[in-house]
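Okay, here's what each chain looks like letter by letter:
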Amino acid sequence: MTTTASSAAALAQQDQGGRKAVGFIGWILSPERRGPLLVAPAIVTLFVVNIFPLLWSFGLSFYEYKANRIAPPAFAGLANYRYVLTDPEIWVRFGNTAMIVVGSVALQLVVGFLLALLFAQEFPLRRYLLMLILSPMMLSLSAVGVFFKLFYDPTLGFISRFISLFTTDTFVILSTPARATIAVVVADAWMWSPFVMLLVLAGLVSVPKYLYEAAEIDRAGRWRRFRTITFPYIRSLLLLALLFRTIETFKIFDIVYLLTEGGPGSSTETVSVYVYRLAFQFFRTSQASALGYIMVFAVVVLTSLYLYAIQTRQTEARA
Amino acid sequence: MSERREVRAIGKAGWGRTLGAGIVSLIYFFPVYFILMTAFKTRPDALAMPIKFFFSPTLENFYSVFWRADIQGGGATDSGFSLYFFNSLFISGTSVTLALIIGTAAAYAFSRFPLRGNDTYLFIILTTRMLPPIIAIIPIFVLFRVFGLSGSYTGIIALYTAFNLPFSIWMVKSFFDDLDRDIEDAGRMDGSSEWNVFRKVCLPQIYGGLAATFVFAVILTWNEFLFALMLTGTETRTVPVAIARTIGGQVGVDWGLMSAIETLFIIPVVIVTFLLQNQLLRGVTFGTIRK
């Protein structure tokens, strides 16, 4: 840091010798255009690869189009949206997704919170034990899907074997809808509880020490200390965790696709998996796009809520 | 950087806590351990019930990840997995490097020379990342076919570059935002050019952050499944897709082999998790939460 500061003067001298560019180059490199110029490559890349295709499919959602037919798209107005919103099949998928989201996010919050309490203090080997806890979060969703497929295997899987100790029949995840849903929820929550834990830890660390010292003097009980001092500091982070995980779990695809393929029947088929089937198995491209845009709307709303919560937290921290 | 590398803690606890946390960690880590263990087991050991915790390890599974014995006898044939591992590395390495270069420029601008509607741009950029990938895949799948990009390196690398861009921008911006502005202002005061302020004052201070961003993005790309499933061909297939194909539809899955593939696939990730502990929170929240 000190070296950079002292070398600043040396750099300055070296720059004074440079000539000023003129003409078009000079115009484009002028200080006012510095921001836009630096941002342009990123915006162009995003537009070409991401935003343009999205707009194209948004347009497509107002047409009748099948990707496996040669027939040109025919304008259909809001028909796709009307179809999507009135089809009971789709509401079943939204119900399945909601069930998984609620179950998994709730489990993550509880487990993550408890893990954070366990790891809040410094203790020997903490860094190494944290590695064990945190690594599931970094694994690939598809790897976790494959793992759990093995663990739920009725003859080999240790989870199935373990559960069978308490039940009379062998545990087969696809045997009942409830089992399949719980299986997906457990796999997802196992993977993402460490995420909640990290956020809660960040909140616990941010509590000023003097508050605890003051509570000590007032002889506040453990529960009271937690409720009046600790909780207000982690509340905003819990909210962030809730929003972030809701957005991410709402999109759940890989785990379900690999673990249950939406079965039994369609009881664990989430909206993402259904969009996939609509688009690439039934080739109802425009209806899939319409359903997709309903998801986009939900995600955009949740993302703005999330950023709003971030901003509120930053203002709180500054105050 | 003087920053500590661990996740921060409050107060101290003794070996008693190590014991408690140790037991919990081992239970939590058990699924991963089980895979690692299975990878080193012979077929009968892997299928043995109850679970065998003590066994003589073998590398047989790792060998058969890359070479399959021919049923008709004769030499072992290449299973293609060396190509898939190469693809995964090459595709994620290239696309993340590109994304990081473009992203750092944009992040610096967003941080230091705010545009009109800066926050709106940042919001849109983040949103493109938050959207369900399944939505993006529909048009991209069709457009890739039209332009003949499906199954090519160019296509998937371009896609992953865009996929990593929002992450890189938000992450790198968060590092630029954390810097002490006084140092660069001192440089400007002394008449240093903006390029030199960026190149010789700001950038060296965030090398650590750039490295963290790079590794993080590589892992995210390395792990990505859906885009790879839809848009890679036999020549460009990545490991997650190859894994899913190996397990899909078969009656008797060779779990020892599967575990060996998974082990090779996740070991780098576990090591990186250990090295990046301090940046993990920032990484998994796209730089929106720093501490």
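Residues numbered from 1 in each chain as written. Chains lettered and ligands numbered in written order. Predicted model: local features only at pLDDT ≥ 70, side-chain atom pairs only at ≥ 80, totals over all residues.

> Quick question: what am I supposed to make of the overall build of chain A here?
Scanning chain A from terminus to terminus reveals 14 helices and two strands. Relative to the globule expectation of 20 Å for 319 residues, the C-alpha radius of gyration of chain A, 26 Å, shows a markedly less compact shape. Projected onto its principal axes, the C-alpha positions of chain A cover 80 × 70 × 35 Å. Across the 319 residues that make up chain A, the buried fraction comes to 40%. Within chain A, contacts between residues separated by at least 24 positions form 71% of all contacts whose residues are at least 6 apart in sequence. (Helix = DSSP H or I, 4+ residues; strand = E, 2+ residues; numbered from the N terminus. Rg over C-alpha atoms; globule rule 2.2 N^0.38 Å. Buried ≥ 20, exposed ≤ 12 C-beta atoms within 10 Å, placed from the backbone. Contact = placed C-beta atoms within 7 Å.)

> Explain the overall build of chain B here, please?
A count of helical and extended segments in chain B gives 14 helices and two strands. Seen along its three principal axes, the alpha-carbon backbone of chain B occupies a region of about 75 × 65 × 30 Å. Taken across its 291 residues, chain B has 45% of its residues classed as buried.

> What am I meant to see in the domain arrangement of chain B here?
The accessible area lost on association of the parts is a frequent measure of interface size. All names here are of chain B. Partitioning chain B into structural domains gives domain 1 (15–78) and domain 2 (81–284). Summarising the inter-unit geometry, the C-alpha centres of domain 1 and domain 2 are found 30 Å apart. In this complex, domain 1 contributes 13 residues to the contact, which on the side of domain 2 involves eleven residues. For the side of domain 1 that touches domain 2, the element with the most residues is helix 3 (residues 60–66), which contributes five residues. Broken down by class, the residue content of the side of domain 1 that touches domain 2 amounts to seven nonpolar, three polar and three charged. (Domains from an automatic or database assignment. Nonpolar A, V, L, I, M, F, W, Y, C, P; charged D, E, K, R; others polar.)

> Could you clarify how one ought to interpret the environment of A:Leu150 in this entry?
Note that A:Leu150 resides in helix 7 (residues 141–151). Residues in contact with A:Leu150, not counting those within four places in the same chain, are A:Leu156, A:Gly157 and B:Trp255.

> Where do I start with the interface of chain A and chain B in this structure?
Contact residues are listed per partner, giving 89 residues for chain A and 94 residues for chain B. The biggest single contributor to the side of chain A that touches chain B is helix 3 (residues 34–60) of chain A, with 16 residues. When grouped by side-chain class, the residues that make up the side of chain A that touches chain B number 64 nonpolar, 17 polar and eight charged.

> I would appreciate a short explanation of the confidence of the model for chain B in the present structure.
Keep in mind that low pLDDT regions are not for reading the predicted coordinates in detail. Scored by pLDDT, chain B comes out at a mean of 84, with 92% of its residues at no less than 70. Predicted as a complex, the structure gets a pTM of 0.84 and an ipTM equal to 0.83. (pLDDT = per-residue confidence, 0-100.)

> Explanation requested: the packing of helix 3 of chain A against helix 14 (residues 285–318) of chain A in the structure shown.
Each pair of packed helices can be summarised by the angle the axes make with each other and by the distance between the axes. Residues and elements named next belong to chain A. Helix 14 packs onto helix 3 with a crossing angle of 110° between their chain directions and a minimal axis gap of 8 Å. One way to sum up the angle between helix 3 and helix 14 is to call them roughly perpendicular. Relative to helix 14, helix 3 is oriented so that their crossing is left-handed. On helix 14, the residues touching Ser-57, Phe-58 and Leu-60 of helix 3 are Thr-285, Ser-286, Ser-289 and Tyr-293. (Axes fitted to C-alpha atoms, helices over the stretch in contact; angles between N-to-C directions. Parallel < 35°, antiparallel > 145°, perpendicular 65-115°, else oblique. Left-handed = near helix turned anticlockwise from the far one by under 90°.)

> What's the story with the packing of helix 1 (residues 15–39) of chain B against helix 13 (residues 255–275) of chain B in this structure? I'm lost.
All names here are of chain B. For the pair helix 1 and helix 13, the least separation of the axes is 7 Å and the interaxial angle reads 115°. Crossing handedness for the pair helix 1 and helix 13: left-handed. Counting all contacts with helix 1, which are made through Ile-35, Leu-36, Thr-38 and Ala-39, the residues of helix 13 involved are Trp-255, Gly-256, Ser-259, Ala-260, Glu-262 and Thr-263. Of the residues contributing to the contact of helix 1 with helix 13, the split by class is five nonpolar, four polar and one charged.

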